[in-house]
Structures are given as C-alpha cells and as structure tokens.
Amino acid sequence: MAVYTPAVQRLIDELGKLPGIGPKSAQRIAFYLLRAERVDVLRLADAIRSAKEHVSFCQRCWNVAEGPECEICADPRREAGTICVVEEPRDVVAVERTGSFHGRYHVLQGAISPIAGIGPAQLKVKELLERLQPEAVEEVILCTNPNYEGEATAMYLARQLHERGVRVTRIASGLPVGGDLEYADELTLGRALEGRRPVEG
Amino acid sequence: MHVERLWLSDWRCWEVAELAPSATGITLLTGPNGSGKTNVLEALAWLARRESFRAAPRDVLVREGAPQAIVRGRFDSGGRALLVEAECNVPGRDRVLVNRQPVRHHRELQASFPVSVFTPDDLAVVKGSPSERRAVLDETASSISASFAEARAGLDRVLRQRAILLRQASGRLTAEIEDTLAVWDRQLSRLGEEVAARREALVAALRPAFESAYGRVAGERGSVSLSYTRSWSGELDAALAAHRGEDLRRQVTSVGPHRDELVILHAGKLARSHASQGEQRTLALALRLAAHTLVEEHVGTAPILLLDDVLSELDDYRAAALIEAVPSAQVILAAASPPRLGIDVATTIDVREIGRRLGATQGGGGGAPLVDGGESGTPMCPAAVES
C-alpha cells in the first residue's frame, strides 16, 4: 500500500475523524486543500481556530455562544418561565425557525443511549433542574427526537420534573403540513390518529 | 400475480439466464445437483424481498469477477404489466426500478409483490431453536402489516439498549441506573405487549389453516396444534419489575417477546423433540402453507410460490398431497429427480438450457444496464426485455 508523506497522512487522518467523512472523502478533501489557493485554505484554518477560541457553550442553556451567555438567553424579550428542552444546538435553530416559541432553551448535549455510553450523568440534566427555581420555571417542553432514545430521555426528564412540581409537556408527532395523507408513512399517520383533537363547530 | 419471464445476469453461477414459467399450475425446474436451480428461485425471491432466503451474504450473490448482478422480471399483476428490475451492487446499494421508475422504499414493492418460499431449511422451524419459530411469525406478520414490522424493529432496539445498560450496571442498582432502567422498561413493556398480542392474534388466525394444511398433506386431522406461550404472565411491566434483580445479576432481559415460544404439538407431544424427521418436515410445510394462505387473504394477491427441493424427503402420498394442497397460484418447483406419480406439471424447464453459466465470455441478452425512464421520457428497452 502506498504511503503519503507524513504531513499529508496526518491531514487525511484528521479529516477522517469528522462525522460523515470516510477515508475516501478524507483523501479527496485533503488533495483539494493541497491544490487550492493558499489564502483560501488559510481562511478555512482561521475560521476553525477562531470558532474554537471564541465559541463556547452558554452557561445557562448549553447552546453554542460567543461569550458567557447565548444570544437567546441574553435577550430580555424572551419569556422566562418556559423552557424548551432539545438534544443538540442544531435543534434550537430548528425550533427558532418556526418563530412560534418565545421562551428559552436548554440543550442536553445528547440523548440517553447506553449503546453510545450516554446516561443522564453525561447530559446537562442536573443543570436543567438547577434552573427551575431561580428562573421560576412553570412549564418545560420536552422537544427531544421522536425516536426510542429521544423518548427515553423525555420519560426520564418527565419523572424528574414532575417530582419538582413543574408542568411538563411533550411535542406532538403527526403529519407534515401541506402534505398529502396518501404519502404519509403508516407509523406517522397512526401517531397522528392517536393524537387527534376535537374540532369546534 | 405471476411472473411471465425472468432474466438473470451475473447472478451467482449464472452469467445470463432467461426463463418463462407457466402462468398457472406447476413449473418444474429440473437438472442435476449443482446446476443452478436454487439460484434461479433465490433470484426471483431476492427481487421481491431484497434478501436471500438462504441468508447468504450479499457478495456471494454477484458472480465472481462481475461488478454487479441484475435480476429482471416481467410480471402480470391482475392484468397490469409490471417490469421489475433490480441491481445488486457490492459494494454499494441496490437499485430497483418498477416500470422504469426508481423505487425508494422497499416496503412499497414488497406489499404488491409477495413471494412464499419453501426450502429444505424450513425443517429448522420445527426442529430448531424457538427463535426460528418466532422468526416465521414475525416474517408473516410483517408482510401483512408494516406497523408490526416497525414495532418489531423498535423492540430489538430497546432490548439492545437495555442489555447494554444492564452490562454497564455490572450488578449494582444505583439511583441513576434505576431511573434509566425504568424508562427503557416502560418502552419495552409497551412494545413487548404489542408484539406479543399481535403474534397471538396471528397464531389464532394461523391455527385453522395450519390444521387443515397438515390434514391435507398428512391425510390425518386433529392431531396437531399450534399455540403461543408468553414468557411472562400478567402485565409485562410488572414481570420486568419482578425480574429486575435477576436481570441485573445475569445481565440479560429474562422476560419479554424475545423469550416467547410458538409451541407445535404433534399427537399431543412437542414436535420439536418427539416427531419423526418426515413428520417434522410435513409440519414445517403445513406452517408455511398456512402463512402463505393468510398473507394471500390479507394482501389480496396470491404470492408466487417457490418450492425448493421440498418433495425429496416426503413419501409419494405426501408429495402428491402437498402439491394438491398448494393454492392455485403460480408454483415454481425445483427438483433434481423427475416428478413422481400424481403430480400434474404444466411446464418442465431443464435448467441446463436456460442460459450460460460460469466460464463463457461473450456479452449476453439479460445483461443490459438498468435504464431509468424517469428523465428521458421514452424508456429504452434492452434487447432481452423486448423479446
């Protein structure tokens, strides 16, 4: 097997550690970077370095932040008293795009999954419970993914939160808006049927 | 539903092959051992299920030295022509076209294109471990209902998570382990109750079909029974709670649908340990026939029936009775020896005459690449498909 010079091999190895990048893609990206303009490549390196240096996690909600608090926690217009619990920072972006939530978030940094070696202690659960009193939280919306791990996490949190007398809700699952029933998969349609609501008339 | 014509290229031992089974009745596929009969049945079943009934790894499906295998079939589904084409890529993903349109979800195809397979390995259903019998139930329930397949997959996932959690606990029940175990147990009991209840309903539906199929093949009635035994009594969550200490100690989940048993009795005794080899084979066939009938009732089309060398261990009477009991659908029967008394064959195909096996180098008819008609508008037909 051909061996690259150590510098190239190191670059390939590092790229190969990124999510979704296999050995073939790592090689392709490495050679792209070697061929690309020096300024462009250094700009990328600089972006990585500066993101890593300036971006940390919000001390309150564990979302990504530049500074001690994220933009959402620092925004005085956000309603205190309601917390939306999500698994990852990218889920915050997803909920924010809806524009229908005006409270604050809490990012767990994952979901309970013994296979991945993640239990409640590896998640920001303690940090969530510690926010309830000082922020006078009335409702916690459990917005974890609708898979078995997300469901397990929601059940676990629900129990912990109920003990502390907070209203706990779980996002509904159902049909995509603007879609046709005909194209919905059976499981989603089944869940939507279970979660049906009375219609005023 | 029946297959009018089947083309293989670079499938197992076949470089190219082409055959046209009879639309109704029995098509007999003959040829000596090792001439590629089972490979033909396997290709047709793979086209429907995208899985080998011999549980073979994917890379052996493609002829050695070939980049990919292609299986094409032209079907008649209640008067509607269906051209199903599938490419088996190793490495890589399968590509499937139905009437030149790509199919994304495998389930879409499976429901409209059922296939029942009987093989000599079915003996394991009676003789083998309980997991073999549960697998027959799950396979049948999944081809009737997609939501069962979903619950079944979820059950596997939750059981795996729980098993790893038990291992991580290494015998000690800390507060955190207890709370985490509780959430997996809740999901396990919900999914477990659902899977068990649906398997029980399936067994209840299979029972009369099983008894009558056995009666017809063996010529005796009422001496067999089928029942489902849960590994727990009462509610599953209570049973899980009761076994928690034991589960922690042994680091396994000791109750749940993964420990249930499909009990097959013959003359009042466990067929697994007490029936003779010939009886066991008859019982396995009766169970397959019953499942086949049930799927036909639910899906609305009779599955294509593939019988791989199943007559060889039956006596003449039972072999003839089996063929008699087989539903009126299209049947393709592979056998090394010529048919015996009382078996009415519609077409006989000598497998040595359907194509070219390993060795030759010329390009062939069925081997044209798959052409997606979605964009070009006018589908291009490979020569073999037009003929």
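Not measured: the values here are computed from a predicted model. (Residues numbered from 1 in each chain as written. Chains lettered and ligands numbered in written order. Predicted model: local features only at pLDDT ≥ 70, side-chain atom pairs only at ≥ 80, totals over all residues. Heavy atoms only, no water.)

Caption draft 1: Layout of the sheet that holds strand S4 (residues 104-107) of chain A. Residues and elements named next belong to chain A. Read across the open sheet, the four strands follow the order S4-S3-S5-S6; overall the sheet is parallel. What marks the edges here is a single partner per strand, and that holds for S4 and strand S6 (167-170). Pairwise comparison of adjacent strand axes, ignoring direction, gives a mean angle of 25° for this sheet. Along the sheet, helix H5 (residues 89-98) makes contact with strand S3 (82-86) and S4, crossing S4 at roughly 155°. Its contacts with the sheet put helix H7 (residues 148-163) on S3, strand S5 (139-142) and S6, and the angle it makes with S6 is roughly 165°. (Pairing = 2+ DSSP bridges. Helix = DSSP H or I, 4+ residues; strand = E, 2+ residues; numbered from the N terminus. Axes fitted to C-alpha atoms, helices over the stretch in contact; angles between N-to-C directions. Contact = heavy atoms within 4.5 Å.)

Caption draft 2: Quick look at the packing of H7 of chain A against helix H6 (residues 175-218) of chain B. The contact between H7 of chain A and H6 of chain B brings their axes to 9 Å, and the two run at 125°. One element, H7 of chain A, and the other, H6 of chain B, form an angle in the oblique class. Crossing of H7 of chain A against H6 of chain B: the hand is right-handed. Here Tyr148, Glu149, Glu151, Ala152, Met155, Tyr156, Arg159 and Gln160 of chain A of H7 of chain A come into contact with H6 of chain B, specifically with Asp179, Thr180, Ala182, Val183, Trp184, Arg186, Gln187, Arg190 and Leu191 of chain B. (Parallel < 35°, antiparallel > 145°, perpendicular 65-115°, else oblique. Left-handed = near helix turned anticlockwise from the far one by under 90°.)

Caption draft 3: The domain arrangement of chain A, seen in detail. Each assigned domain of chain A is listed with its residue range as follows: domain 1 (6-54) and domain 2 (76-198). In this structure, domain 1 of chain A and domain 2 of chain A have C-alpha centres spaced 35 Å apart. (Domains from an automatic or database assignment.)

Caption draft 4: Structural view of the sheet that holds strand S9 (residues 224-229) of chain B. Residues and elements named next belong to chain B. If you trace the three strands from one edge of the open sheet to the other, you get S9-S10-S11, paired in antiparallel fashion. Strands at the two margins of the open sheet, each flanked by one partner only, are S9 and strand S11 (269-270). Pairing geometry for strand S10 (residues 261-266) and S11, over two bridges, is antiparallel. Directly across from His266, in S11, lies its bridge partner Lys269. The strands that H6 touches are S9 and S10; relative to S9, the one it contacts most, it runs at about 175°. In this fold helix H10 (residues 277-299) packs onto S9 and S10, with an angle of close to 125° to the strand it touches most, S10.

Caption draft 5: Here's a closer look at H5 of chain A. Residues and elements named next belong to chain A. Those residues of H5 not exposed but buried are Pro89, Asp91, Val92 and Val95. Mapping the buried residues of H5 onto a view down its axis gives an arc of 150°, with all of them on the same face. Among the exposed residues of H5, those oriented more than 90 degrees off its buried face are Arg90 and Arg97. Against the buried residues of H5 lie strand S2 (64-66), helix H4 (71-74), S3 and S4. The first or second residue beyond H5 is Gly99, which carries a positive phi of 70°. (Buried < 20%, exposed > 50% of the residue type's maximum accessible area, 1.4 Å probe, protein only. Arc of directions from axis to C-beta.)

Caption draft 6: Summary view of the packing of aromatic side chains. Taken as a whole, this structure holds three aromatic pairs over all chains when the rule is applied. With centroids separated by 5.1 Å and ring planes inclined at 65°, the aromatic side chains of Phe101 of chain A and Tyr105 of chain A adopt a geometry described as edge-to-face. No difference in accessibility class separates Phe101 of chain A from Tyr105 of chain A, as the two residues are buried. Positioned above the aromatic ring of Trp46 of chain B, the side-chain terminus of Arg50 of chain B is 5.6 Å from the ring centre. Against the face of Trp14 of chain B rests Arg357 of chain B, its NZ or CZ located 5.9 Å from the ring centre. (Phe/Tyr/Trp six-rings, centres within 6.5 Å; stacked < 30°, edge-to-face > 60°. Lys NZ or Arg CZ within 6 Å of the ring centre and 35° of its normal.)

Caption draft 7: Representation of the interface of chain A and chain B in the model. Counting residues at the interface gives 18 residues for chain A, matched by 21 residues for chain B. Both faces considered, chain A and chain B share a buried interface measuring about 1800 Å² in area, 62% of it formed by carbon and sulfur atoms. Across the chain A-chain B interface, the total number found is two salt bridges. Between Glu149 of chain A and Arg157 of chain B there is a salt bridge whose closest N-O contact spans 2.6 Å. There are seven residue pairs in polar contact (both at pLDDT 80 or more) connecting chain A and chain B. Those elements that place two or more of their residues in the side of chain A that touches chain B are H7 and helix H8 (186-194) of chain A. Looking at the side of chain A that touches chain B element by element, the count peaks at eight residues for H7 of chain A. (Buried area = accessible area lost by both parts, 1.4 Å probe. Salt bridge = Lys/Arg side-chain N within 4 Å of Asp/Glu carboxyl O. Polar contact = N/O pair within 3.5 Å; in protein donor to acceptor, adjacent residues only side chain to side chain.)

Caption draft 8: Region of interest: the pattern of salt bridges. Under the criterion given, the structure shown has 38 salt bridges over all chains. Residue Arg131 of chain A pairs with Glu135 of chain A through a salt bridge whose shortest N-O separation is 2.7 Å. As far as burial versus exposure is concerned, Arg131 of chain A and Glu135 of chain A are alike and both buried. A salt bridge links Asp350 of chain B to Arg352 of chain B; its shortest N-O distance comes to 3.0 Å. A cluster of three or more residues bridged by salt bridges with shared partners is formed by Arg60, Glu69, Arg104, Arg131 and Glu135 of chain A.

Caption draft 9: Representation of the domain arrangement of chain B within the structure. Residue and element names in this part refer to chain B. Annotation of chain B at the domain level lists domain 1 (1-114 + 303-387) and domain 2 (120-300). Taken residue by residue, the interface counts 18 residues in domain 1 and 21 residues in domain 2. Summing both partners gives a buried area of about 1800 Å² for domain 1 against domain 2, and 62% of it is carried by carbon and sulfur. If you sort the residues of domain 1 by the area they bury against domain 2, Pro303, Glu313 and Arg318 come out on top, with a joint share of 32%.

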